[in-house]
Structures are given as structure tokens and as C-alpha cells.
Amino acid sequence: MRTVALPEDCDEAAFRAAARYCLAERLAPDELVFVTEEAGALFEAVTPADAPPVPVPRSFAKLVPDVLCHSAGDRFALLYGLLWRIQAGERDLMERPTDPAVEQVTRYAKAVTRDTYRMHAFLRFTERLVDGKPIFVAWFEPLHHVLRRAVPFFVDRFRNMDWLIATPKGTAAWNGGVLTFGPPATRPAEGSDAVLDELWTAYYRATFNPARLRVKAMRAQMPKRHWPTMPETAFVPGLVQSAGRVVDEMEQRAPDKPPRFAAALAQRPPVAQAAPATPLDALRREAEGCTLCPLHGPATQTVFGEGPADAGIVFIGEQPGDQEDLEGRPFVGPAGQVFDRALAQAGIDRSRVYVTNAVKHFKFLPRGKRRIHQKPGTSEIRTCRFWLTRELAALRPKLVVALGATAMQGLTGRAVAVTKERGRIIEADGLSVLVTVHPSYLLRLPDADLAEAEFARFVRDLALAKPWCEENAA
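Rules of the game
Residues numbered from 1 in each chain as written. Predicted model: local features only at pLDDT ≥ 70, side-chain atom pairs only at ≥ 80, totals over all residues. Heavy atoms only, no water. Helix = DSSP H or I, 4+ residues; strand = E, 2+ residues; numbered from the N terminus. Buried < 20%, exposed > 50% of the residue type's maximum accessible area, 1.4 Å probe, protein only. Polar contact = N/O pair within 3.5 Å; in protein donor to acceptor, adjacent residues only side chain to side chain. Contact = heavy atoms within 4.5 Å. Pairing = 2+ DSSP bridges. Axes fitted to C-alpha atoms, helices over the stretch in contact; angles between N-to-C directions. Salt bridge = Lys/Arg side-chain N within 4 Å of Asp/Glu carboxyl O.

Caption draft 1: Representation of the side chain of Glu391. Along the polypeptide, Glu391 turns up in helix α14 (residues 378-395). Judged by relative accessible area, Glu391 falls into the buried class, the value being 1%. Within the structure, the side chain of Glu391 is placed 2.6 Å from the side chain of Lys360, a separation counted as a polar contact. Excluding its chain neighbours within four sequence positions, the residues that come into contact with Glu391 are Leu280, Leu283, Phe304, Gly305, Tyr354, Thr356 and Lys360.

Next up, the structure:
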């Protein structure tokens, strides 16, 4: 019998080195006893040396880091036993979920994932002064060795703070942009930060929904062992007790007034069945019922192009914004106001040009009653080319002005560097295309002088299209 001693918080590299050596020495699982270094060896110890790599299925390699973080004493033996069987020819072993060893390691991996999630969700920082310098400290009691797995989450979100996370299994400190790990800690004396505690409790009370209260599920997802370090849990019993009364009050309360876009969505007209007079009108009526991509669902309506059917110039933007979605017309929001001002300074009458978008529905993220603009994806631009190409075929313009990268991608089906082609007239799919920026770009510029200079350049770009407008008027 041989002993393999591994650290309590063993990482993948340490286990891999030991397992490779044992396989190279042909040591069967029943010849080995895996222990932690803290426990010490009872039998002749195995000293891992360099050994050749061992090919393993991807499903096994994916489980190893999680299982090693589990606190069970048999985790090393379980993994080595599976590895031994895989090398003996059971290459499909990990595809047998009913195998006792596979089932056990899968359960261990899920437990580690759950423990990591709970550390992310339930850890609470408290501000302290150390040598006159503020540092945020937190105490957490994980069931498993998840500290190293969980810490990158906090580094990403609190990179500009100095903080310390202490647990019975180790500590992690982020100080001056440097991450260090230390030994286990003992639970500190009770302490709290009144300001942070009040923020947490106010947030919890505001988001608690009594109509969806499920006490058993809440206890399963938020175990009571974490409650002492979570200030908001002091209010849970009271919130639970008052849930029934609050639900009754909610049912008696008058409904909130819906946002404007909800009312407009409810009044969205059905697709007209009457035969239109012109091909462009026919296309507009057909597009009103577009369901080619998921954007049609949350959007209020299709926002088709507008302008004279014999326009010599077509301006193509990205997609409708919030106001365009509500009104059903392109370029009527803040970017549209910039666009109109630039057209006027360039000497172009908007009523004599045709304005449309590469994507006909508004893509957004809901934030309360607000809708935050989202850039359309490649699949949505590609899908909406069905409408754009037919729209241009019906119009047959002498010049197309592409306002931004999405417009160019809608026209050509590929990404085009707008900064490189800006201010030039190029040929694309049989069309003469003037490339420039989208007016929303000018709204995002932080510096007033830069914004003014870029607006003047935008006007110069649009002025290049004026001869085509005059030619059509003649």
C-alpha cells in the first residue's frame, strides 16, 4: 500500500502530476491511499516525478477542477479510480451517468458550482480603516474549497477597491491591484457598516415580491448558515409574515399606468390586405407584418422608410430608436434632429430624399420603464437585408448614403471600415454609395470642441450628395 499526500486545497496541476506518476508506475487504485498533507502519510509515500501526459476525454477534464475543490476526503481516490478505468479502455465511462463513481463526482462538481454561486451572491463587504486607509473586509463560510475559484468574480467587479475576504479555508486580499492568498482565518468579532447595511436592506425590501414567496425554495437557495453576515436577512421573518397582507393590498390597488410604448404596441394595426397602388406601398404593407427575426416581438411596430418614391438619394441608418419605434417613422429622435440640422446646412431638402434603416425593428434592453438601445447583431442585419434590397429595388436611387457601419453591412452583407471609406463614393452591389458616420456617433462624443468639428465634417460629407439631389429635382 502506498500513500499519496496532496494539499487540502489541491489544484489541478498538483493532482495531475501525482496521477501521471502513479499511472506511469502502474499503481492500481486499490494500491493507493490518498490523504491530505496535513493528515500525514501512514504508508510508504509516493513522490511524484515527471511523467508523460495522459490523454483523457474532455468530459473528464472538465469535471476535475470542480471535484478537486470539494471537501470530501474521497475526491482524490474517486478521480484516480475513474482515470485508471479510462486508461484501461473504458473511454466512454463519463457518458454513463448511472455509474456510481461518475454519479458521485458529478454530484461533487455540482455542489462546488453551487457553493461558488452562493459566495458570489451572499458575501457582504464592510468598510474598515486600517492604518488610516479604507479597506473592505468580508467573512464567508463556504462548504468547499471555492475561494480561488470565486475570487476572480470580485476582482472583476471591485478592481478599484482594496478588500480582504476571510474564510475558514483561506483568505484572499486585493491590495493595490495585487491579489494574494493567505492561510485560514477565524471568524471576526461582530461588526457592521451602517451605511452599507442600510443600502442592502433597502434594496432587499424594494425587490422582495410577496406574491412569489416560496419559503422552502428561499431556504434552499439562501441557507441559514449565511444569514449572520447578510444584514438584509434580519427583515426576512417580518417580510414573510406580512406577505399575505401585502398581496391583498396589491390586488386592491389600481394598476400602474403602462408606459407609452405598451399602449402603442396594443394599438398596432393588423397587416392590411388591400392591394396597394405602387410596388413601394406594397412592400411597406408587407413589412408591417414582418416576423422574420425575434425583434418583431418586443418592438411596437415595423419602422419602414419614408420619402418620395422617385427620390434620387436614399439615406440608410442603423435601426429605429425609442421615439421612432413609437411614432413609426425613421429619424425623428435625437439622432434624427442632428441629421435634419446637418441636411439643412448641407443644402439638402429632407422632403426630397428617402430615409430608411438597415434594420426595421427597434432592438432594446428594458430598464424599468426605459428602453435602452442595443446594436443589432449580424444575424438580424442579414435577415433584414430581405427588406432593404427590395426597398432599394423599388426606389432605384442614383445615390445611396450609408450612415454608419450597420448601414454598410446591410448594403453589402459584410463589415466595412467606415473610418477608412468615410467621405468617399464607392460602388457596392451595383449601387453608388457615399459612406459616412451615423448621426448618433456625434451625440456620443464627450468633448464639445470635438463634437463641433465632427459635425462640420459630417455636413461636408452630406454636401457631397447634393448634386444628385439637384439632378433629380431638375
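Anyway, onward from the coordinates.
Caption draft 2: The arrangement of the sheet that holds strand β14 (residues 425-428) in detail. The strand order β10-β9-β13-β15-β14 describes an open sheet built from five strands, whose pairing is mixed. The strands lining the two open edges of the sheet, one partner per strand, are β10 (354-357) and β14. Strand-to-strand twist across the sheet, computed as the mean angle between neighbouring axes with direction ignored, equals 30 degrees. Of the strand pairs in this sheet, strand β9 (residues 313-317) and strand β13 (residues 399-403) are connected by four bridges, and their pairing is parallel. Of the residues in β13, the one forming a bridge with Ile316 is Ala402.

Caption draft 3: Looking closely at the pattern of salt bridges. Taken as a whole and assessed by the stated rule, the structure comprises 25 salt bridges. The partner of Glu286 in a salt bridge is Arg390, with the nearest N and O atoms 2.9 Å apart. Here Glu286, found in helix α11 (residues 279-287), pairs with Arg390, found in helix α14; they are 104 residues apart in sequence, far enough to count as distant. For Arg390, a relative accessible area of 30% corresponds to the partly exposed category. Here Arg350 ties to Glu306 by a salt bridge, and the two come within 3.5 Å at their closest N and O atoms. Highlighted residues: Arg350 in the loop between α13 (334-346) and β10 and Glu306 in the loop between α11 and β9, separated in sequence by 44 residues. According to the relative accessible area criterion, Arg350 is buried, its value standing at 18%. Taking the relative accessible area as the measure of exposure, Glu306 reaches 24% and is therefore partly exposed.

Caption draft 4: Geometry of the sheet that holds strand β5 (residues 133-139). Judged by pairing direction, the sheet is mixed, and its five strands sit side by side in the order β4-β5-β6-β7-β8 without closing on themselves. Looking along the sheet, the strands with just one partner apiece sit at the ends: β4 (126-130) and β8 (178-182). Each strand of the sheet is rotated relative to its neighbour by a mean of 25 degrees, with strand direction disregarded. As defined by bridge partners, β4 adjoins β5 across five bridges and the pair is classed as antiparallel.

Caption draft 5: Expanded view of the environment of Met222. Mapped onto the elements of the fold, Met222 is located in the loop between α7 (215-221) and α8 (236-241). Judged by relative accessible area, Met222 falls into the buried class, the value being 8%. Measuring from C-alpha to C-alpha, the distance between Met222 and Ala121 comes to 9.1 Å, with 101 residues separating the pair along the chain.

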